[in-house]
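What follows is each chain in one-letter form.
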Amino acid sequence: GSSSSSSASSSTASSSESKASTESSKEKELTDDAFQDKVQSEFEQVYQQKRSGSPAWTFFSHEGDKTGANATAKKDTESTALYRQGETAKDEDIANAPKDGAKTEANAKALAEKIYDTLNNGGKMSELIKAKYAQIKVSYKGDKWAFNVDVYKEKESSSSSTEKSSESKASSSDDSQTE
């Protein structure tokens, strides 16, 4: 019987898993990057439901930060945190958020809805809508969820390529505007 060998190898894997899992082991926990990205994708869903249109900005995925997929776009843009104290980013507490800090898909969905409400009620949604890219970061500290959103706008200086195209447009229409 070679079946015993397969069960032995799987038992080592499960022992390390049980250490990491919390009481809510019914649902699989995601890695931090996957969880953050899930919050962002759920936020897009909420946004589409409430505004009947998809967001104009693009979310930078947290996985993409690791792989370098966002590097070029981040180089050409400037980021600001939506929630700041002076110049420093200061995370905003999420009211009525899930009580546990489990990085589950259910929690990601719940947090996304609360983040939407917080942005909407706090008048920050308009800033997000103006952004070219954005990235939501959620964190669980103590027994509270908090979040911040980095919004990315194109740098003024690096827009030389777009300036050229708008200049040629402007010069052609100049004649008609002169009085």
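Calculation criteria
Residues numbered from 1 in each chain as written. Predicted model: local features only at pLDDT ≥ 70, side-chain atom pairs only at ≥ 80, totals over all residues. Heavy atoms only, no water. Helix = DSSP H or I, 4+ residues; strand = E, 2+ residues; numbered from the N terminus. Buried < 20%, exposed > 50% of the residue type's maximum accessible area, 1.4 Å probe, protein only. Contact = heavy atoms within 4.5 Å. Areas by Shrake-Rupley, 256 points an atom, 1.4 Å probe, with all protein chains shown as cover. Salt bridge = Lys/Arg side-chain N within 4 Å of Asp/Glu carboxyl O. Core = buried A, V, L, I, M, F, W, Y, C linked by side-chain atoms within 4.5 Å. Axes fitted to C-alpha atoms, helices over the stretch in contact; angles between N-to-C directions. Parallel < 35°, antiparallel > 145°, perpendicular 65-115°, else oblique. Left-handed = near helix turned anticlockwise from the far one by under 90°. Nonpolar A, V, L, I, M, F, W, Y, C, P; charged D, E, K, R; others polar. Pairing = 2+ DSSP bridges.

J.: Please clarify how the overall build of the chain should be interpreted in this entry.
T.: When helices and strands are counted, the chain shows seven helices and seven strands. Secondary structure elements of the chain, listed N to C terminal, follow the sequence α-α-β-α-α-β-β-β-β-α-α-β-β-α. The buried share of the chain, taken over its 179 residues, is 31%. Restricting the contact set of the chain to residue pairs at least 6 apart, pairs at least 24 apart contribute 69%. Summed over its atoms, the accessible surface of the chain is roughly 11,200 Å², and 48% of this surface lies on carbon and sulfur atoms.

J.: Honestly, the pattern of salt bridges in this entry has me stumped. Any pointers?
T.: Two side chains that carry opposite charge are able to pair once their charged atoms sit near each other. Scanning the entire structure with this criterion turns up 10 salt bridges. Note that K74 and D65 form a salt bridge whose closest N and O atoms lie 3.0 Å from each other. Of the charged contacts in the structure, one is a salt bridge between D150 and K137, with a shortest N-O distance of 2.6 Å. With D150 in strand 7 (residues 144-154) and K137 in strand 6 (residues 133-141), the pair connects residues that are 13 residues apart, well separated along the chain. Given a relative accessible area of 15%, D150 falls into the buried group. Salt bridges linked by common partners bring K38, E42 and K109 together as one network.

J.: Please clarify how the nonpolar core should be interpreted in this entry.
T.: Looking at soluble globular proteins, one finds that nonpolar side chains tend to be buried together. By size, the foremost hydrophobic cluster in this structure holds 28 residues, and its most contacted members are F43, I115, L119, L128, V138 and V149. With six residues, the top contributor of residues to this core is helix 5 (residues 105-121). Residues within four places of V149 in sequence aside, it is in contact with T80, A81, L82, L119, L128, A134, Q135 and I136.

J.: Please clarify how the packing of helix 2 (residues 32-51) against helix 5 should be interpreted in this entry.
T.: For any two helices packed against each other, one specifies the inter-axial angle together with the distance between the axes. One way to put it is that helix 2 packs onto helix 5 with a least axis distance of 8 Å and a crossing angle of 55°. Here helix 5 runs oblique to helix 2, going by the angle between their axes. Classified by chirality, the crossing of helix 5 by helix 2 is right-handed. Side by side, helix 2 and helix 5 meet where F35, K38, V39, E42, F43, V46, Y47, K50 and R51 of the first sit next to E105, N107, A108, K109, L111, A112, E113, I115, Y116, D117, L119 and N120 of the second. Across the contact of helix 2 with helix 5, the residue classes break down as 11 nonpolar, two polar and eight charged.

J.: I would appreciate a short explanation of the side chain of D33 in the present structure.
T.: Locating D33 in the fold gives a position in helix 2. Residue D33 is classed as buried on the basis of its relative accessible area, which comes to 13%. Apart from the residues lying within four places of it in its own chain, the contact partners of D33 are H62, E63 and K66.

J.: When you look at the environment of E113 in this model, what are you seeing that I'm missing?
T.: Within the element layout of this structure, E113 appears in helix 5. In this structure E113 comes out as partly exposed when scored by relative accessible area, which is 34%. Linking E113 and Y47, residues 66 residues apart in sequence, is a C-alpha distance of 8.8 Å.

J.: What is the right way to read the pairing of strand 6 from this model?
T.: Every other side chain in a regular strand lies on the same face of the sheet, so the side chains alternate between the two faces. Of the pairings in the sheet, the one linking strand 1 (residues 58-59) to strand 6 comprises two bridges and is parallel in character. Each bridged residue has a counterpart across the sheet, and for T58 the counterpart in strand 6 is Y133. The pairing of strand 6 with strand 7 spans nine bridges and is antiparallel. Bridge pairing links A134 to V151 in strand 7. From the end of strand 6 to the start of strand 7, which pair antiparallel, there are two residues, and G142 there has a positive phi angle of about 65°.

Taken by themselves, the reported measurements are silent on function.
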